[in-house]
Amino acid sequence: MIAAAAQPPASRPGGPASATSPLSERLSELLRRGKLEEAIRTVQEAYRRSPNDAAIRAEFVQLHMALAERLLRDERFADAERAAQAALSVEPTHAAARRLIEAIATARRDVSARVDEARRMIRLEWFEPAYDTLRQASALFPERRLEWAGDLLAAAEGAGDDHYFCKNFAQAFHYYDAVKHAGRPVADSLRQRWLQSMVFALADDIDHRDFPIEYWHKTVTTAEAFIGQRGDPVLALLRGLANEDLNDPRRAGENYAEAGGQRFAVRDAEALRRARTAALRVARRRYAETLSPRRSGMWRSHGADEWSVIDGPRFLIRHRNPAAARRVGDALEFHFDRVCRYLGRTPQTLPWEQRCEVTLHANLEALRREANLGDAVRAVSAIRTADGRLIAHSIQVAQDDPLLLAATLPHELAHLALAAAVRYRPTSAVLSEGLALHCEPRCRAIQFRRVPAETGGVRPAAELFALSQIHPGNDRRFYGEAFALTEFALARIAPAELVGVAADNAPADALAERLGFAKASELDAALAGER
């Protein structure tokens, strides 16, 4: 909705007249130490004493604008307005201050429409953008926070589930904890997802890169009070992690033994690590996508034996569950507009000369059986052409796919939209997959960013481009590499430009040249250096 224009300066850039003044030196020192508020108080006092001093007035305006921008980033909008108004009181024509105030006013005027859109996003499981919108709306109108609280909590739990499904446990815990702190009753399944996400995130951070050691110590009491089941093996694992942090290997070993169902004798650090690994293995068996109720209720209905059809202008949906099919149809229209614009087209200009047949199977097993697909396939899109003309295109998905609306549909839709955008010429598989992955929600980006580090890095671009004709169906490494290569390219050129490179199955050197490298090997070196 609204964002700060710039970061607060680390030090005050000023003219020669103020560069060596005592006030300038004092402010620079405070800013170097990160004490922006104290610097503001200092310059305010200086301004009260000498309101006509040009250098002090400049310092006053600049520091108040730095404060306004920081408050804007923190979504403290009323405080940001006051800071910008203070700058205007000294310099009435200050353009950045006026823009900031107007941006907040515009955001307030747009809130009702944006909240309506966020509610639509929640229904279509596009949770994180909905959460961002509702959080900012609540910050813009604090007096209406309770009115939107239910929507905000639904978006938070949905975003947490997205990350939970993708095993982004630190991010999942962030959203689940927001639900917990709302103080409303929560289901036992959410308590388990909260606990698992917290413990797995802490286990991944055994070296304290992200969580300070103090945080670990208070989590045990918090978790035991919230979960209320002291015999829970995941709680035992949490106690073990905390005791290991407290340099108490004996107690940590006992905790890990309790969690892992095994005996343990403290011998050395390696034995403790093995006990922790065994306890983690047991705890991770408790992980289950079905702990989320996302595909409960209407999604469990398989309906009649006969197929029915929802016939729309762009999509023909075959189904045995009309309620689920209508939700799928709404999501397809939502993502069609979004994907078209992402690829530099509009729904009106993208060639879409045949309706796409979308088949909604009852579950993953039915999808594989009815569509005659392999055990690794979770969804599929297909295109049939003749002489460069589209004859038919289709998508087949499973009703019980937890990321069906948010990730699977836009991914498969992106493949079809990209094919239409290039008029059904052959495309590079690695760029096609990369662009499709970038049409998915943020949780998937986090998931795929970590894959190359886990699978041996990104292979040379020429090798990846050569896979176009033998596209791996479920190669986790290939998808991670496709995401990484595409993300690297998208930091330098727009998606619409990348569409042009993907067309005609261009060689890796064509991508390298478009990105400013003489050949693909230079692109490989730059990509390796960034990672």
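Look up: the structure comes first, before these words.
Residues numbered from 1 in each chain as written. Predicted model: local features only at pLDDT ≥ 70, side-chain atom pairs only at ≥ 80, totals over all residues. Heavy atoms only, no water.

### Some details on the overall build of the chain
For the chain, the helix and strand inventory stands at 25 helices and five strands. The C-alpha extent of the chain, read off along each of the three principal axes, is 85 × 65 × 55 Å. Residues counted as buried form 50% of the 531 residues belonging to the chain. The contacts of the chain with a sequence gap of at least 6 include a subset with a gap of at least 24, amounting to 62%. Roughly 24800 Å² of accessible area belongs to the chain as shown, and the carbon and sulfur atoms make up 49% of that amount. (Helix = DSSP H or I, 4+ residues; strand = E, 2+ residues; numbered from the N terminus. Buried < 20%, exposed > 50% of the residue type's maximum accessible area, 1.4 Å probe, protein only. Contact = heavy atoms within 4.5 Å. Areas by Shrake-Rupley, 256 points an atom, 1.4 Å probe, with all protein chains shown as cover.)

### Quick word on helix α17 (residues 404–421)
In this model, α17 (18 residues) spans 24 Å end to end at C-alpha, consistent with the 26 Å of a helix rising 1.5 Å per residue. Most of α17 is tucked away, with 18 of its 18 residues classed as buried. Arginine 423 sits one or two residues past α17 and shows a positive phi near 55°. (Expected span 1.5 Å × (residues − 1).)

### Focus on the sheet that holds strand β3 (residues 356–361)
Pairing is mixed in the open sheet, where five strands are placed in the order β1-β2-β3-β5-β4. The open sheet has two edge strands with one neighbour each: β1 (308–311) and β4 (380–386). Between one strand and the next, the sheet's axes are offset by a mean angle of 20°, whatever the strand orientation. As judged from the five bridges shared by β3 and strand β5 (residues 389–398), these two strands associate in the parallel manner. Opposite glutamate 357, over in β5, you have serine 394 as the bridge partner. The strands touched by helix α15 (residues 322–342) are β1, β2 (315–319) and β3; relative to β2, the strand with the most contacts, the crossing angle is about 155°. (Pairing = 2+ DSSP bridges. Axes fitted to C-alpha atoms, helices over the stretch in contact; angles between N-to-C directions.)

### A short note on the state of the cysteines
One pass over the full model with this rule turns up zero disulfides. We note that cysteine 356 lacks a disulfide partner, and the nearest cysteine sulfur, in cysteine 340, lies 12 Å from it. Classification of cysteine 356 as buried rests on a relative accessible area of 0%. Free cysteine: cysteine 443, not disulfide-bonded; nearest cysteine sulfur from cysteine 166 at 3.8 Å. A relative accessible area of 0% places cysteine 443 in the buried class. (Disulfide = S-S within 2.5 Å.)

### Re unusual backbone geometry
Phi at asparagine 247 is positive, roughly 60°, even though this residue is not glycine. For asparagine 247, the location among the structural elements is in the loop between α12 (233–245) and α13 (249–260). By relative accessible area, which is 68% here, asparagine 247 ends up exposed. Even without a glycine there, the phi angle at asparagine 372 is positive, about 55°. Structurally, asparagine 372 is set in the loop between α16 (364–370) and β4.

### Considerations on the pattern of salt bridges
The final tally for this structure, using the stated rule, is 43 salt bridges. The closest approach of N and O atoms between arginine 442 and glutamate 128, which form a salt bridge, is 3.4 Å. Residue arginine 442 is found in helix α19 (residues 442–449), and its partner glutamate 128 is found in helix α7 (residues 127–140); the two are separated by 314 residues along the sequence. By relative accessible area, glutamate 128 is classed as buried at 8%. Across the salt bridge formed by aspartate 188 and arginine 191, the nearest N and O atoms sit 3.8 Å from each other. On the criterion of helical spacing, the pair formed by aspartate 188 and arginine 191 is a turn pair, its members being three residues apart in helix α10 (residues 188–204). Exposure remark for aspartate 188: the relative accessible area of 56% places this residue in the exposed category. The network of salt bridges with common partners includes Glu75, Glu128, Asp132, Arg135 and Arg442. (Salt bridge = Lys/Arg side-chain N within 4 Å of Asp/Glu carboxyl O.)

### Examining the environment of arginine 444
Within the secondary structure layout, arginine 444 lies in helix α19. Along the chain, arginine 444 and arginine 476 lie 32 residues apart, while their C-alpha atoms are 13 Å from each other. Not counting chain neighbours up to four residues away, the residues in contact with arginine 444 comprise Cys166, Leu403, Ala407 and Leu437. Among the polar contacts made by the side chain of arginine 444, one reaches the side chain of glutamate 440 at a distance of 2.5 Å. (Polar contact = N/O pair within 3.5 Å; in protein donor to acceptor, adjacent residues only side chain to side chain.)

### Description of the pairing of β4
Bridge count between β4 and β5: seven bridges; the pairing is antiparallel. Each residue of the ladder has a partner; that of alanine 382, found in β5, is serine 394.

### Regarding the packing of aromatic side chains
Under the criterion given, the structure shown has 16 aromatic pairs. Residues phenylalanine 169 and tyrosine 287 carry aromatic rings whose centres are separated by 6.0 Å and whose planes lie at 85° to one another, so their mutual orientation is edge-to-face. Of this pair, phenylalanine 169 sits in helix α9 (residues 169–180) while tyrosine 287 sits in the loop between α14 (269–284) and β1, and the two are 118 residues apart along the sequence. Note on phenylalanine 169: relative accessible area 8%, which makes it buried. On the basis of an interplanar angle of 45° and a centroid distance of 5.8 Å, the ring pair of phenylalanine 173 and tryptophan 194 is categorised as tilted. You can see phenylalanine 173 sitting in helix α9 and its partner tryptophan 194 sitting in helix α10, a full 21 residues away along the chain. Grouping residues by exposure puts phenylalanine 173 and tryptophan 194 together as buried. An aromatic cluster is built from Tyr164, Phe165, Phe169, Tyr176, Phe200 and Tyr287, whose rings are joined through pairwise contacts. The residue whose ring lies beneath arginine 320 is tryptophan 307, and the NZ or CZ to ring-centre distance is 3.9 Å. (Phe/Tyr/Trp six-rings, centres within 6.5 Å; stacked < 30°, edge-to-face > 60°. Lys NZ or Arg CZ within 6 Å of the ring centre and 35° of its normal.)

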